[in-house]
Amino acid sequence: VPSYLQIVDVRSSSEFQRGHLKEAVNIDARKLSPGDFLEKLPKDKTIILSCDLGHESKKAYEKLVKADADVSNIRYFYARVQILPSGKYIIREKT
């Protein structure tokens, strides 16, 4: 992952522990208000929100948009992310 990017897994800590993208940090967006969630995100990087099916990352992004947060440096995976036992992963585009 390039140094200017930060992958943020928005699932619960137990879901995160079952498997996550390498170098991702865990911030459970469901438990936080939009302001608290935004406060926890790094300010000096482009943020990629991630989860395993794409729904939670999209919801987290939409939560920020609805709160009129500046999302100019925030993106999200709307994709199925499968973490393999080997630690490798497969990302499939949602259609």
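Below or above, wherever it landed, is the structure these notes cover. (Residues numbered from 1 in each chain as written. Predicted model: local features only at pLDDT ≥ 70, side-chain atom pairs only at ≥ 80, totals over all residues. Heavy atoms only, no water.)

1. What to know about helix H3 (residues 55-66)
Reasoning step 1: Compared with an ideal rise of 1.5 Å per residue, which puts 12 residues at 16 Å, H3 spans 16 Å between its outermost C-alpha atoms and is within 8% of the ideal.
Reasoning step 2: If you follow the buried residues of H3, they end up packed against helix H2 (34-40), strand S3 (46-50) and strand S4 (74-76).
Reasoning step 3: In the segment just after H3, Asp-68 is the residue with positive phi, at about 60°. (Helix = DSSP H or I, 4+ residues; strand = E, 2+ residues; numbered from the N terminus. Expected span 1.5 Å × (residues − 1). Contact = heavy atoms within 4.5 Å.)

2. Overview of the environment of Ile-91
Reasoning step 1: Along the polypeptide, Ile-91 turns up in strand S6 (residues 89-93).
Reasoning step 2: What makes Ile-91 partly exposed here is its relative accessible area of 39%.
Reasoning step 3: Separated by 85 residues in sequence, Ile-91 and Gln-6 have C-alpha atoms that sit 17 Å apart.
Reasoning step 4: Beyond its immediate sequence surroundings of up to four residues, Ile-91 is in contact with Phe-77, Ala-79, Arg-80 and Val-81. (Buried < 20%, exposed > 50% of the residue type's maximum accessible area, 1.4 Å probe, protein only.)

3. What to know about the pattern of salt bridges
Reasoning step 1: The final tally for this structure, using the stated rule, is 5 salt bridges.
Reasoning step 2: The shortest N-O distance in the salt bridge between Glu-56 and Arg-30 comes to 3.9 Å. Linking Glu-56 in helix H3 with Arg-30 in the loop between strand S2 (25-26) and H2, this pair joins segments that are 26 residues apart in sequence.
Reasoning step 3: Judged by relative accessible area, Arg-30 falls into the partly exposed class, the value being 42%.
Reasoning step 4: Sharing partners across several salt bridges, the network here consists of Glu-15, Asp-28, Arg-30, Glu-56 and Lys-59. (Salt bridge = Lys/Arg side-chain N within 4 Å of Asp/Glu carboxyl O.)

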